[in-house]
Amino acid sequence: MTCDLCGEREATVHLTEIIQDESRELHLCEPCAREKGVKMDAPFGLADLMTGLTDLGATLEQSGIAPPTACPQCGLRFEDFKRSGRLGCGTCYETFQRGLALLLRQVHGASRHIGKAPAATSPQAKREAELEGLKARLKQAVKSEAFEEAATLRDRIGQLEPPPKPKGTRRGTRHRSAQ
Amino acid sequence: MAHAIEALSSLQRQTGEWLRGTGPHAAIVMSSRIRLARNLAGHRFPHWATKRGRAQVRAAVEQAAGRAPYLAQALLLHLEELPGVDRLFLVERHLISREHADGDAAERAVIIGDREIIAVMVNEEDHVRLQVLQSGLNLREGWAIASELDRQLEADLAYAFSPAWGYLTCCPTNVGTGLRASAMLHLPCLVMTKQINRVLHAITKLGLTARGLYGEGTEATGNFFQISNQVSLGRAEPELVDALERIAGQVVQQEEAAREAIVTQNREALEDRIWRAYGTLKSAHIITSAETTDLLSLVRLGVDLGIVPLDRATINTLFITTQPAHLQRWAGRSLASRERDVRRAQLLRESLAASAGRQGGTTP
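Scope of this entry: the structure provided in the associated data block. Worth saying up front: this structure is predicted, and the values here are computed from it rather than measured.

**Quick notes on helix α3 (residues 84–92) of chain B**
Working step 1: Those residues of α3 of chain B that fall on the buried side of the exposure criterion are D86, R87, F89, L90, V91 and E92 of chain B.
Working step 2: Backbone geometry just downstream of α3 of chain B places H94 of chain B in the positive-phi region, at approximately 65 degrees.

Structure follows, in structure tokens:
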């Protein structure tokens, strides 16, 4: 496969951007990728992030969202983040949340955490974490045909699970499946 | 200082668990790795922190690690106390990242657990990066270990966490679970049959990514490919781990089919290539790192197919011990490129002869 930009060298950097179910692919050789600002030695995903960041300014402008200029906790400016792809502290996530929500949806296809939480967090988060663990054990129990255990686990999950929400809201932000 | 160097020497004398060449699908899956990114609440991320801030974080993590049962026998290394070659040595063993070795070493650390299964980087991109590295396709067990270690550390550390966005990381690409699961696959026959690009392309379509031997931004040498999850937010850890384990298992099947096809259709040509590779490795007096990796890849395939009677752990270990920093630690001094090529050839000859002796004969 040759590079989409120069059309000469072999493409070794493959970017896939997925926005609202629309997937766009870009195949670049290393020199062109560098030129485009894809950081080769950076952690994976930063390339996608950078592509997202380039568009982010424009998207925010269009939607009339002006991100706060600096994080009150650590002083990092949104400009600093756009340049490096790195935030300054945990509070930055709150400070820049509107811009980040857009970006996270581009990078992860989701903007809400599902999974483990520290034991010391809120009872609700704790409950969600426990649910997650129970569901994993249930899956395992069903697989190994331990039906008695599965029944106990299912009861416990029933006690913890919040009442079902209207269809489509719980995972409304997910539009990409990694399967 | 003396303590740190002594500790590294002890590492040099041992073989990491992940090189043993055992565990599920160990013929094709060299290793499985689980990485969790964590930060301390109320502290700036390392790149944005002052030296004093980073020192506080390091002290806090060290204290927590000191109380974690999983790190009871662990080695603690402060990177600023290590010369560059020793930091590179840790990179070659997959115990720290290249970024951790290259950056400003001040207030950076790594904590290395028993048999090198656990490694915790302190003040890399995030305050805490813990990894579990094991032989074979073993991601579910790796996740169980990582999750328990996470729980142990959390008893003493308040992590930056939001119920909406999960574990808060320096780079938004890691936020949520902070999890990156990866498997290092040896795929020489998919490369030989020119199917590899199709396979890698399919992997990226599934929300995974493929990279070279040393991870991020490195080329695939020696037919090693590391596949890992791309998404860390919006999917629970067991789901991410299961998906990767399943897909890695499918790639393993494809490589097995390619091996079968080559053995059936072209056994003599394949054996010729493998024995020539082995012949070069056990006879050469000057050999580069790149040539070594390519030839070891062929010999590893020969071991897997029962053609070359050596043990897999010997070959796996040679991929690491023939790297520049390992050679220089072995020599006890810094070596110019040409000197390394000579030393490398010597190490290969000695190791292969010793291993062949243990297996009782080498020729077909």
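Continuing now.
**Details of the nonpolar core**
When a protein is soluble and globular, its nonpolar side chains tend to lie buried together.
Working step 1: Counting residues in hydrophobic clusters, the biggest one holds 88 residues, and the most contacted among them are L71, L153, V299 and L310 of chain B.
Working step 2: Here this core takes 15 residues from helix α8 (residues 237–283) of chain B, the largest share from any one element.
Working step 3: Counting 21 residues, the second largest nonpolar core, distinct from the first, contains C74, L76 and A101 of chain A together with L168 of chain B.

**A few points about the packing of aromatic side chains**
Working step 1: By the definition in use, this model includes 7 aromatic pairs over all chains.
Working step 2: Each ring, one from F78 of chain A and one from F81 of chain A, has its centre 5.9 Å from the other, and the planes form 50 degrees; the classification is tilted. In this pair, F78 of chain A and F81 of chain A are both assigned in helix α3 (residues 78–84), 3 residues apart and thus about one turn of the helix distant.
Working step 3: A relative accessible area of 6% places F78 of chain A in the buried class.
Working step 4: Ring geometry for F161 of chain B versus Y167 of chain B: centroids 4.9 Å apart, planes at 65 degrees, classification edge-to-face. For the residue pair F161 of chain B and Y167 of chain B, the accessibility class agrees, reading buried in each case.
Working step 5: In this structure an aromatic cluster arises from ring pairing among F78, F81 and F96 of chain A.
Working step 6: Over the face of the ring belonging to Y167 of chain B we find R38 of chain B, whose NZ or CZ atom lies 3.4 Å from the ring centre.
Working step 7: The lysine or arginine in question, R343 of chain B, covers the ring of W330 of chain B, its NZ or CZ lying 5.4 Å from the ring centre.

**Digging into the interface of chain B and chain A**
Working step 1: Taken together, the contacts link 52 residues of chain B with 48 residues of chain A.
Working step 2: Taken together, the two surfaces of chain B and chain A that pack against each other cover about 4,400 Å², and 57% of this comes from carbon and sulfur.
Working step 3: Taken as a group, W48, W165 and P172 of chain B account for 15% of the area that chain B buries against chain A, more than any other trio of residues on that side.
Working step 4: At the surface where chain B touches chain A, the tally comes to 3 salt bridges.
Working step 5: Two residues, D150 of chain B and K116 of chain A, come together in a salt bridge whose shortest N-O distance is 2.9 Å.
Working step 6: Counting the contacts that link chain B with chain A gives 16 residue pairs in polar contact (both at pLDDT 80 or more).
Working step 7: Among the elements that line the side of chain B that touches chain A, the one with the most residues is α8 of chain B, at 6 residues.
Working step 8: Grouping the amino acids of the side of chain B that touches chain A by side-chain chemistry returns 20 nonpolar, 16 polar and 16 charged.

**Brief notes about unusual backbone geometry**
Residue and element names in this part refer to chain B.
Working step 1: Here H25, not a glycine, exhibits a phi torsion of approximately 55 degrees, which is positive.
Working step 2: Following the sequence through the fold, H25 ends up in the loop between α1 (2–13) and β1 (29–38).
Working step 3: The exposure class assigned to H25 is partly exposed, which follows from its relative accessible area of 40%.
Working step 4: One non-glycine residue, H94, adopts positive backbone phi at about 65 degrees.
Working step 5: Exposure remark for H94: the relative accessible area of 14% places this residue in the buried category.

**Digging into the sheet that holds strand β3 (residues 109–112) of chain B**
Residue and element names in this part refer to chain B.
Working step 1: Overall, antiparallel pairing links the 8 strands, which are arranged β2-β3-β4-β5-β1-β8-β10-β9 in an open sheet. With one partner strand each, in any of the chains shown, β2 (75–78) and β9 (208–211) form the two edges of the open sheet. Averaged over neighbouring strand pairs, the angle between their axes works out to 20 degrees when direction is ignored.
Working step 2: Sheet topology note: the strand β4 (residues 118–122)/strand β5 (residues 128–135) ladder contains 5 bridges and is antiparallel.

Each value, and the rule that gives it
- Per chain, residue numbering runs from 1 following the sequence as it is written.
- Throughout, the order in which chains and ligands are written sets their labels, letters from A for the former and numbers from 1 for the latter.
- Under the rules for a predicted model, residues below a pLDDT of 70 receive no local features and side-chain atom pairs below 80 are neither given nor counted, while totals for whole chains, interfaces and linings still include all residues.
- To obtain the side-chain values, all non-hydrogen atoms of the structure were included, while hydrogens and water were left out.
- To sort residues, take the accessible area from a 1.4 Å probe on protein chains only and compare it with the maximum for the residue type: under 20% means buried, over 50% means exposed, and anything in between is partly exposed.
- In this text, helices come from DSSP runs of H or I with a minimum length of four residues, and strands from runs of E with a minimum of two, each type numbered from the N-terminal end.
- Among buried residues, those of type Ala, Val, Leu, Ile, Met, Phe, Trp, Tyr and Cys that are joined through side-chain atoms within 4.5 Å constitute a nonpolar core.
- Two aromatic rings, drawn from Phe, Tyr or Trp (for Trp, its six-membered ring), form a pair once their centres lie within 6.5 Å of each other, and the interplanar angle then sorts them: stacked below 30 degrees, edge-to-face above 60, tilted otherwise.
- In this scheme, Lys NZ or Arg CZ marks a charge over a ring once it lies within 6 Å of the ring centre and within 35 degrees of the ring normal.
- Pairs of residues are marked as contacts when any of their non-hydrogen atoms sit within 4.5 Å.
- Buried area: the sum, over both parts, of the accessible surface (1.4 Å probe) that disappears when the two are put together.
- Here, a salt bridge means any Lys or Arg side-chain nitrogen found within 4 Å of an Asp or Glu carboxyl oxygen.
- Here a polar contact means two N or O atoms within 3.5 Å. Within protein one must be a hydrogen donor candidate and the other an acceptor candidate, and residues neighboring in sequence count only if both atoms are side-chain atoms.
- Note on residue classes: Ala, Val, Leu, Ile, Met, Phe, Trp, Tyr, Cys and Pro are nonpolar, Asp, Glu, Lys and Arg are charged, and everything else, Gly too, is polar.
- At least two bridges found by DSSP between two strands are what make those strands a pair.
- In this description, a line fitted to the C-alpha atoms serves as the axis of each element, helices being fitted only across the stretch in contact, and the angle between N-to-C directions of two axes falls anywhere from 0 to 180 degrees.

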